[in-house]
Amino acid sequence: MVTPRRRKGYTLMELMVVVAILGVIVSAAPRLLNGIYRFSRLSTARLEIQKNARAALSNINRGLRQAQASSVVIDQLSGMPPHSRITFDRYKPDGSIETVSYYQAGKVLYLSSQGATGKKVADDLRYLAFTYPKSDDESIISISVTFERATYEGGAKALQMAVEKVRVMN
Amino acid sequence: MGLMSRVLKAYRAAAGGVSRAAGSPRPGVTLVELMVATAIISIGVLGMVGSFNYINRGIQGPKGKSLANNLAQEKIEVLKNKSYFRVLVSTATDFDHNFDPNAYEYDVAPNGSETMNVGGINFTRRVLIKKVTEVSGGGLARFAYTVPDTGLKEVVVYVSWLEGSSWKKVELRNLLGNPNRTNLGAAFSGTVLEAGTGIPIEGAIIRAQENPARYDITDAAGVYSFACEPGQYTLQATKPGYFQSVSPLYTIETTQVHDFTLTRMVSGTVTGSAWLRDHLVISRIVGSSVNNSGYYQEYVEIYNPTTWTWTVNGDIGLKFQKAGGEKAAIGIDLYIRDTIPSQGYYLFANTGTVSAVGANVDADATWDENIIPVVEDGGGEGSAAVELYRISDGRILDQVGWDRNNEGKTAPFYETDGYDQDIGLQMGETFVRHPSAAGANSFYGPAYDTNDNDEDIEGVTSAAIGTPPSNSLSAAKPVLTGTPAAGALVFANDSLSSSTQAALSGSFSLASVATGYWTLYISSGVSLSTGGVYGGTASGFSVSAGSVLLSSDTAFGFVSGRVTGTDGAGLPGIKVAAGGRQTSTLADGRYILPADPGEQTVFANYQTDNPDYIEISSAGVVASLGALTPDVDFVLVTGGKLRGWVTTNGTDPLPNVPVSAFKYGIEQGNSISGNDGYYLIWGSGISTGTYEVVPQLEAGETPLPSTHTVTLSAGEDLFVGTFTVSGAMGNLTGSVKAGTAGITTGVLVYATSSTITGSPVMPPTIDAAARAGSVIYYAVSSNAQGMYTLPVRGGYTYNVYAWYTTWPNDTPTVTPRQTTATVAAGETVVKDFSW
């Protein structure tokens, strides 16, 4: 008669070792994942607001360079931070004049043309101020802009501040 | 049956196999296999996490670059916004060695470096501003800051930052032209010919001495021409091998022709030989020899050709090695006398008294065994070597080895070649060193050491030797030779001859030495001799400098040249300096300046030591240790100093105002008023003549008077006058804080001499009417470091307002702060704000 071979199971020791290892891995995993998640959130946020800042600045800069110096008005939307709006006239390629306005409304940067409703340029705007270093010299305007985005549940905030002086050419 | 069905059949067979084995236990996964699998998976996971790092760096790279680009552009804009003369040329520079070997040069003064943190990266922003001119090839020629204004400045902005562990930089260049520049409306031209023969001289440099940036080099036809600003100039023609020539002072409006004839320098030859005496030598060796009393005496005599006394006791020792033996120090058991005098002797012996040639000589130090064997000792002895060394560090001073050729035995060590002996060192034989190549001469000290034992040493029998050995009490003997200074550099200050090198024997022949009498220099790199004055008046003269000893130590390179006035005459007693080392010119204006090896800036009339002349410099002169850098010539122009005062109201000084001095409409020099408001313009550009002195002010500032016109005479220290500047600026600066932390998001700051009203207080709308109004508003946003700096017109009391916006939800809350500040011109007032 053939004796059926006994199937060899795991010993208690082996099982406990496996459970212990699994336990360690399982307890460490959420923290690791959390860290990776936060990191990626933060770097994505940073990247995005930096991109925003650069794009917004160069957008404003390009527009402002072509402005008619005498037409520039700096003020703000009602209830918005001081001097967060700039309005000016500029020549279009076809020679006609258009009135352009960059302004902050809430945490959004808008661009409006000819008084129409503004188009959104960027989110996460924390601070925007247009200043004349000296109000009797209308050829230099300084733009200071800060973007901020809170990331993971009130965790670290990504910040990007940029300052640029623009010479108004006309 | 096709391929497909065959494969299927095989598969079915395999599947059947499995099902047939179903009764036996399936092999499970063992713990080891599981762990291996886990390990492999975790390697994969770790790799993925690691790649985050690379992705992040990939993102950071372009970000750093574009931020740096913005910063560099901003600086260029700021500089271009300034008036031409307010863009100050770099006067002191340094190199950023983080970028070695491509270190870039940057301005240390007067512009300096800025550091700033943008987007979490620390950037360093630097500039380098140079005077340049366009050259015909399309490139730029750059000039020292001391050269008069060229009408064109090159601005280079560098922004560097650390990315990971490597340094990165962005570099932007721009040119600034002087809008009011004087055109190069005038031109000099002419030919340069050799006197007597009339042959055109190619490669002669013709330079306007009043503006070294205006020059030309003659072509193959000897023709030169160059453009310059209308004005007064003296031209100088120089070419190595020719006496220089100088033109009269021309006042040029359009064109001027001036031809030069240059006289070729006539030359001769100076010969001689160069010697070094820097170490003790072994002058006699005697092996085991029976003296009168039947004692086996042996001794080694040392001679000191140097000019100083050496301590022997405990400091100098002997080593001995015979052919086939071990090298070992000879154990001195008693030093009787401690020192060896200059040009004197010292006697090591294995006996207290050496008897030879009918005399008894006391040993200076003794050992007590028979160490140096002779042929007569048998056993194939007779070839060996003795070494003189410094005990402290084992440095070898001298070695003498001798062969025994009949047994094919070579000295165990030697200099170049062991002393060739057929049967080796014999009893009664003395190995002596010669005083010179001419052979034995008992009148001179045995100092001849060509580092070749076979050349320098001779074996003499005791009958023929003539003189007994000497000890430290014996009379000193004069030195004739020494060690030949092979390869030593030989040069003279005649500015015609180039340098030559001494041969292996120490002899040299310096050809093409100009007629006249010149100082001869011989340098071995570490030792130097100014070998006296030699020369001749006839063409083709030949003089001998004899044996020249290199005795003084040197750690320098040498720069030579001539300092002349604009008339071409040599100027005596002019201080020439480089890197803190100085010398004065001789009667004919020539100088030789010992300079630290490396690249040097050489100054003539250093620190305007002679106030009748201006200081000029030559940058990038390379001095190499022991070598000569010739033809660093200078032409000094008479000059003086201009000084004056800048004030806001006649009482208070106004610092940091650049003041320029113009001659013929060209800026010759500038200076910045100090904290006391005084400025001093002097140095290379400020020659004698009539100057217009003009302060370089910011927009909105007005000077009274606008210009001082003065005439400066040689050596004069002239007070130009006072500029009263109205409308000058001061600074408001400070920090902005929320609680204790700096606000990094930006705060709007306004300053005005009027009052801003309203509830809440908000800044006024700035439109064309506001800008044209009499009330001026100054405004700035604080930076990412929580600081602000606001330039305001000096001499007023300001109301200063600051607005900080917070976002408790999506609606902004603006909180103003207000204070007052009184700012004087040139003053910086600190006002901090907190919320």
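The structure presented is a predicted model; accordingly, all values stated were derived computationally and were not measured.

Thresholds applied
Residues numbered from 1 in each chain as written. Chains lettered and ligands numbered in written order. Predicted model: local features only at pLDDT ≥ 70, side-chain atom pairs only at ≥ 80, totals over all residues. Helix = DSSP H or I, 4+ residues; strand = E, 2+ residues; numbered from the N terminus. Buried ≥ 20, exposed ≤ 12 C-beta atoms within 10 Å, placed from the backbone. Contact = placed C-beta atoms within 7 Å. Nonpolar A, V, L, I, M, F, W, Y, C, P; charged D, E, K, R; others polar. Expected span 1.5 Å × (residues − 1). Pairing = 2+ DSSP bridges.

Student: Looking at this structure, how should I read the overall build of chain B?
Tutor: When helices and strands are tallied, chain B shows 4 helices and 66 strands. Within the span of chain B, comprising 835 residues, buried residues form 41% of the whole. Sequence-distant contacts in chain B: of pairs separated by 6 or more residues, those separated by 24 or more amount to 62%.

Student: Sorry if this is basic, but what is going on with the environment of Leu680(B) here?
Tutor: All names here are of chain B. Tracing the sequence through the fold places leucine 680 in strand β53 (residues 678-681). Considered as a pair, leucine 680 and glycine 644 are 36 residues apart in the sequence and their alpha carbons are 6.7 Å apart. Every residue in contact with leucine 680, bar those within four places of it in the chain, is listed here: Lys641, Arg643 and Ser671.

Student: Please explain the interface of chain B and chain A as it appears in this structure.
Tutor: Accessible area lost on assembly of the parts is the figure often given for the size of an interface. Facing 38 residues of chain B, the contacting portion of chain A comprises 39 residues. Only α2 (31-81), α4 (768-772), β61 (777-781) and β63 (796-806) of chain B provide two or more residues apiece to the side of chain B that touches chain A. The dominant element in the side of chain B that touches chain A, judged by the number of residues it contributes, is α2(B), at 8 residues. The residue inventory of the side of chain B that touches chain A, partitioned by class, reads 21 nonpolar, 11 polar and 6 charged.

Student: Looking at this model, I keep getting lost on helix α1 (residues 12-65) of chain A. Mind explaining?
Tutor: Note: α-helices contain 3.6 residues per turn, so residues at a spacing of three or four share the same orientation. In a regular helix each residue adds 1.5 Å, so 54 residues correspond to 80 Å; α1(A) covers 78 Å between its end C-alpha atoms and thus fits that length. Along α1(A), the residues classified as buried are Ala45(A), Arg46(A), Ile49(A), Gln50(A), Asn52(A), Ala53(A), Ala56(A), Ile60(A) and Leu64(A).

Student: Would you take a moment to explain the pairing of strand β50 (residues 641-647) of chain B for this structure?
Tutor: Put simply, side chains in a regular strand alternate between the two faces of the sheet. Residue and element names in this part refer to chain B. As paired elements, β50 and strand β57 (residues 717-726) share 7 bridges and run parallel to each other. Bridge pairing links lysine 641 to aspartate 717 in β57. Direction of pairing for β50 relative to β53: antiparallel, over a ladder of 4 bridges. Pairing of leucine 642 across the sheet is with isoleucine 681, part of β53.

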